[in-house]
Amino acid sequence: MKISRLYTMDIENITNLNRVQNKSALVNKAVRKYFKEKEAFNVSDLDTKVLISVLYAREGKESVLGALIEAYWASLNES
């Protein structure tokens, strides 16, 4: 099903759209891509304590990074 809507756009975008044969298809594709990427998982959305707890529970922490994770975990538990 399709519906016609009127939206305000920058003149530069309108000028570029004038060069495209099927404007509706291009706009539909761009809007779908926008929402798909918006819903994508982003690790920065997670709370720091959650990330550290996952890293702390991970095996193979025998590195410098592992020591840093353990030190940070200990500081979280102190506060």
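Relevant structure appears above.
To start, this report covers the structure provided alongside it. (Residues numbered from 1 in each chain as written. Predicted model: local features only at pLDDT ≥ 70, side-chain atom pairs only at ≥ 80, totals over all residues. Heavy atoms only, no water.)

**Examining helix α4 (residues 64-78)**
Okay, so step 1: The end-to-end C-alpha distance of α4, which contains 15 residues, comes to 21 Å, matching closely the 21 Å that a straight helix rising 1.5 Å per residue would cover.
Okay, so step 2: Along α4, the residues that are buried comprise G66, I69 and L76. The buried residues of α4 all sit within an arc of 80 degrees when viewed along its axis, so they share a single face. Projecting away from the buried face of α4 at angles above 90 degrees are the exposed residues V64, L68 and E78.
Okay, so step 3: Those residues of α4 that are buried are in contact with α3 (48-57). (Helix = DSSP H or I, 4+ residues; strand = E, 2+ residues; numbered from the N terminus. Expected span 1.5 Å × (residues − 1). Buried < 20%, exposed > 50% of the residue type's maximum accessible area, 1.4 Å probe, protein only. Arc of directions from axis to C-beta. Contact = heavy atoms within 4.5 Å.)

**What to know about a nonpolar patch on the surface**
Okay, so step 1: Side chains of F41, V43, L46, V50 and V54 sit close together on the surface and give an oily, nonpolar patch of about 470 Å² of accessible area.
Okay, so step 2: For V43, the location among the structural elements is in the loop between α2 (23-38) and α3. (Patch = residues over 30% accessible without salt bridge, like charges linked within 9 Å, V, L, I, M, F, W, Y side chains within 5 Å. Areas by Shrake-Rupley, 256 points an atom, 1.4 Å probe, with all protein chains shown as cover. Salt bridge = Lys/Arg side-chain N within 4 Å of Asp/Glu carboxyl O.)

**What to know about the environment of N42**
Okay, so step 1: Residue placement: N42 occurs in the loop between α2 and α3.
Okay, so step 2: Separated by 16 residues in the primary sequence, N42 and L26 have C-alpha atoms spaced 26 Å apart.

**Topic: the pattern of salt bridges**
Between side chains of opposite charge, a pair can form when the charged atoms approach closely.
Okay, so step 1: A complete count under the given rule lists one salt bridge for this structure.
Okay, so step 2: A salt bridge links K33 to E37, with the shortest nitrogen-to-oxygen separation between them at 3.8 Å. You can see K33 and its partner E37 sitting in helix α2, four residues apart, about one turn around the helix.
Okay, so step 3: Look at E37 and you get exposed, because its relative accessible area is 51%.

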